[in-house]
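Results of the structural survey
Chain residues, written in single-letter form:
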Amino acid sequence: MKKEKEKVELRYYDVPQNEFLLVLQGGDWKRQYGSKDSPLHFHNLMEIGVCRYGNGILKMENDNLPYQPGMISVIPTNYPHNTLSTEGTESYWEYLFVDPEKILQSMYPDDILFQQKMLERVNKKPFFGSERAVPELADIVHSILDETRNKKDPLYKECIRGLSLALLIHVARVDAGASPVSEGIRLKSGFDQVRPALDYIRKHYASPMKISEIASVCHVSESHFRRLFEEIIGMTPVEYLNQVRIRKACDLIKKTGYSMEEIAVKVGFTTTSTFNRNFKRITGSSPYQWKKKPENFESRLSKFNIMVEKGW
């Protein structure tokens, strides 16, 4: 009997409006992380983590890498991983979730080539090691964490803006130089074959697209791509695309005053009826009902048998 392939979850985060990164710190992150049955997951943003205390394992695909206080991880967009505390113990991680594309577009609006080169560098591979191995990067991460604990300074956002660019530059330098990244950290399964599709959907979700078009960025036939994608991600490419579009729609509902008809178009649905049907299927309520009670998205989404979740 063929063994069922382990599924991978998308855990989706939103960067606050007019900001470049999201910081997760404090009491909620002092916990026992994961369990032996926890599936790998990946994010729509780059994740940078700092271990304050505790011990356990950071899973990178098939690698189990032990962690301890004073270690730092840099995990690119769409890279499968998981954090598991030693059984029965508590760990404390602080996290930055970074949108490199948003930072680069803001800082270098007219230099598309530089944006592309930097995105390739920072998303090329993960880093995991001691803060002592990358002191400049660690200093910037801690500076950002410290700034976000005290948001009283009127120049807080400008400070974070500058630190965000410095953060990307040092992530790129780690990748370019004598990186202490374990040679064992590699994408060993088929996930690396569908990762270009995840990146493509993330960037172009608002445009009309065919599955053959998405398959082409992975350099495989459409039929093979459909089988591979569903096997690894746990849903069809169309289902995944609609998940991303509806999540973006929820973000627009929360942050803008656009009508539902405008939002439907902005996230890639050609008709409002298609938008409404997919919205209700995924969230369990109509867009108008969800707008009145935004908390419904998180509470209802966790009850569905799908592999896309909001955050942790």
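Provided above is the structure to which this section pertains.
Below is a summary of the structure that appears in this document.

Reading the values: rules and limits
- Residues numbered from 1 in each chain as written.
- Predicted model: local features only at pLDDT ≥ 70, side-chain atom pairs only at ≥ 80, totals over all residues.
- Heavy atoms only, no water.
- Helix = DSSP H or I, 4+ residues; strand = E, 2+ residues; numbered from the N terminus.
- Contact = heavy atoms within 4.5 Å.
- Areas by Shrake-Rupley, 256 points an atom, 1.4 Å probe, with all protein chains shown as cover.
- Buried < 20%, exposed > 50% of the residue type's maximum accessible area, 1.4 Å probe, protein only.
- Pairing = 2+ DSSP bridges.
- Phe/Tyr/Trp six-rings, centres within 6.5 Å; stacked < 30°, edge-to-face > 60°.
- Lys NZ or Arg CZ within 6 Å of the ring centre and 35° of its normal.

Secondary structure summary: the protein contains 12 helices and 12 strands in total. For the protein, the proportion of contacts with a sequence separation of at least 24, taken over those separated by at least 6, is 73%. A total of about 15,300 Å² of accessible surface is found on the protein, and carbon and sulfur atoms cover 50% of it.

So, on to the pairing of strand β5 (residues 46-53). For β5, a buried count of six out of eight residues is recorded, marking the element as mostly surrounded by other parts of the structure. Across seven bridges, β5 lies against strand β10 (residues 91-98) in antiparallel orientation. Pairing of Glu 47 across the sheet is with Phe 97, part of β10. Pairing between β5 and strand β8 (residues 71-75): four bridges, direction antiparallel. Across the sheet, Gly 49 pairs through a bridge with Ser 73, a residue of β8.

For the structure shown, the criterion picks out 12 aromatic pairs. The interplanar angle of 10° and the centroid separation of 6.0 Å between the aromatic rings of Trp 93 and Tyr 95 together place this pair among those described as stacked. When the centroid spacing of 5.6 Å and the interplanar angle of 70° are considered together, the rings of Phe 229 and Tyr 240 count as edge-to-face. With a gap of 11 residues between them, Phe 229 in helix α7 (residues 222-233) and Tyr 240 in helix α8 (residues 237-255) connect regions that are remote in the sequence. The class of Phe 229 is buried, set by a relative accessible area of 0%. Among the aromatic residues, those joined into a cluster by ring pairs are Tyr 13, Trp 29, Tyr 67, Trp 93, Tyr 95 and Phe 97. Its guanidinium or amino end placed over the ring of Tyr 258, Lys 266 lies 4.5 Å from that ring's centre, counting from NZ or CZ.

This next bit is on the environment of Met 46. Position of Met 46 relative to the elements: it lies in strand β5. Spatially, the C-alpha atom of Met 46 lies 7.4 Å from that of Pro 100, the residues being 54 residues apart in sequence. Beyond its immediate chain neighbours, meaning those up to four positions away, Met 46 contacts Val 74, Ile 75, Pro 76, Thr 77, Leu 96, Phe 97, Val 98, Pro 100, Val 122, Asn 123 and Val 171.

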